[in-house]
Amino acid sequence: NAGVTQTPKFRILKIGQSMTLQCAQDMNHNYMYWYRQDPGMGLKLIYYSVGAGITDKGEVPNGYNVSRSTTEDFPLRLELAAPSQTSVYFCASSYIGDNYGYTFGSGTRLTVV
Amino acid sequence: ELKVEQNPLFLSMQEGKNYTIYCNYSTTSDRLYWYRQDPGKSLESLFVLLSNGAVKQEGRLMASLDTKARLSTLHITAAVHDLSATYFCAVKSNMDSNYQLIWGAGTKLIIKP
């Protein structure tokens, strides 16, 4: 049971480039989330999804896009990368009602130069 | 706007000592989470507290929730080096219909042998 799998683990982007962070879960969780974590800070929600075909903005959505075509996959797209997007990105998933907490992926460390 | 404050933000302590981390939040909530993060690693769910007066214990860690005081505590008993990590609390507001958790900034705990 892999849980939540994120790829890549590390990436360096040049300003203005685009990329997609991949996230997949095999726990049949309905809810999926994308967070960013800046150094020494807590997590901030970028986007979330309550099921296939349904996504919504979180606290810091600007500069990002998501899609949820299947229950398993929730990719995060960065368009026109900026230095402010240098961060560690975590994908997470949970059951409906999240009484059991979230399961997090291992993270993607992104640097924009 | 829901705000979550943890204190202390940094704690260095000796093995064998007891200490408490505090998590205060600014609006009504009956759902609070504690997570652990090791350096460069992902987040691991420790406790999910779902009601006033909830108390959960795992090994040397015990978490409690007082919804009237809007306060959760994470108590460490007879600390050991392996508990060195950053601990986050996260809160879901009763006032929001979305699925956003608001995270504290984290408490970096260093336990010296």
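Refer to the structure presented above.
Residues numbered from 1 in each chain as written. Chains lettered and ligands numbered in written order. Predicted model: local features only at pLDDT ≥ 70, side-chain atom pairs only at ≥ 80, totals over all residues. Heavy atoms only, no water.

Caption draft 1: Local environment of the interface of chain A and chain B. On the side of chain B, 20 residues touch chain A, which itself brings 24 residues to the contact. Each partner contributes to the roughly 1700 Å² buried at the junction of chain A and chain B, and carbon and sulfur atoms together form 53% of this total. For the pair chain A and chain B, the interface holds 0 salt bridges. Where chain A meets chain B, there are 3 residue pairs in polar contact (both at pLDDT 80 or more). When residues of the side of chain A that touches chain B are traced back to their parent elements, those giving at least two are β4 (31-37) and β5 (43-51) of chain A. Here the side of chain A that touches chain B is built from residues that sort into 12 nonpolar, 9 polar and 3 charged. (Contact = heavy atoms within 4.5 Å. Buried area = accessible area lost by both parts, 1.4 Å probe. Salt bridge = Lys/Arg side-chain N within 4 Å of Asp/Glu carboxyl O. Polar contact = N/O pair within 3.5 Å; in protein donor to acceptor, adjacent residues only side chain to side chain. Helix = DSSP H or I, 4+ residues; strand = E, 2+ residues; numbered from the N terminus. Nonpolar A, V, L, I, M, F, W, Y, C, P; charged D, E, K, R; others polar.)

Caption draft 2: Region of interest: the side chain of Q37 of chain B. Checked against the element boundaries, Q37 of chain B lands in strand β4 (residues 32-37). Separated by 2.9 Å, the side chain of Q37 of chain B and the backbone oxygen of K41 of chain B make a polar contact. If near-sequence neighbours (up to four positions away) are discounted, Q37 of chain B is found in contact with Q37 and F90 of chain A together with S42, L43, A85, T86 and F88 of chain B.

Caption draft 3: Focus on the sheet that holds strand β6 (residues 55-58) of chain B. All names here are of chain B. Sheet architecture is open: 5 strands sit in the order β1-β3-β8-β7-β6, paired in antiparallel fashion. Single-partner strands in this sheet number two, and they are β1 (4-7) and β6. Ignoring which end each strand starts from, the neighbouring axes of this sheet average 15° apart. In this structure, strand β7 (residues 61-66) lies alongside strand β8 (residues 71-76), joined through 6 bridges in antiparallel fashion. Across the sheet, M62 pairs through a bridge with H75, a residue of β8. (Pairing = 2+ DSSP bridges. Axes fitted to C-alpha atoms, helices over the stretch in contact; angles between N-to-C directions.)

Caption draft 4: Examining the packing of aromatic side chains more closely. Applying the stated rule across the entire model yields 12 aromatic pairs over all chains. Geometrically, the ring pair formed by Y33 of chain A and Y102 of chain A is stacked, given 4.2 Å between the ring centres and 15° between the ring planes. Taken as a pair, Y33 of chain A in strand β4 and Y102 of chain A in the loop between β9 (87-94) and β10 (103-104) lie far apart in primary sequence, 69 residues in all. Consider the rings of F90 of chain A and F104 of chain A, whose centres lie 6.3 Å apart with planes at 85°: the pair is edge-to-face. On the criterion of sequence distance, the pair formed by F90 of chain A in strand β9 and F104 of chain A in strand β10 is long-range, its members being 14 residues apart. A residue is classified by how much of its surface remains accessible, and F104 of chain A, at 8% relative accessible area, is buried. Clustering of aromatic rings is evident, with ring pairs tying together Y33, Y35, F90, Y102 and F104 of chain A together with Y33, Y35, F88 and W103 of chain B. A cation sits over an aromatic face here: R68 of chain A above F74 of chain A, 6.0 Å from the ring centre. (Phe/Tyr/Trp six-rings, centres within 6.5 Å; stacked < 30°, edge-to-face > 60°. Buried < 20%, exposed > 50% of the residue type's maximum accessible area, 1.4 Å probe, protein only. Lys NZ or Arg CZ within 6 Å of the ring centre and 35° of its normal.)

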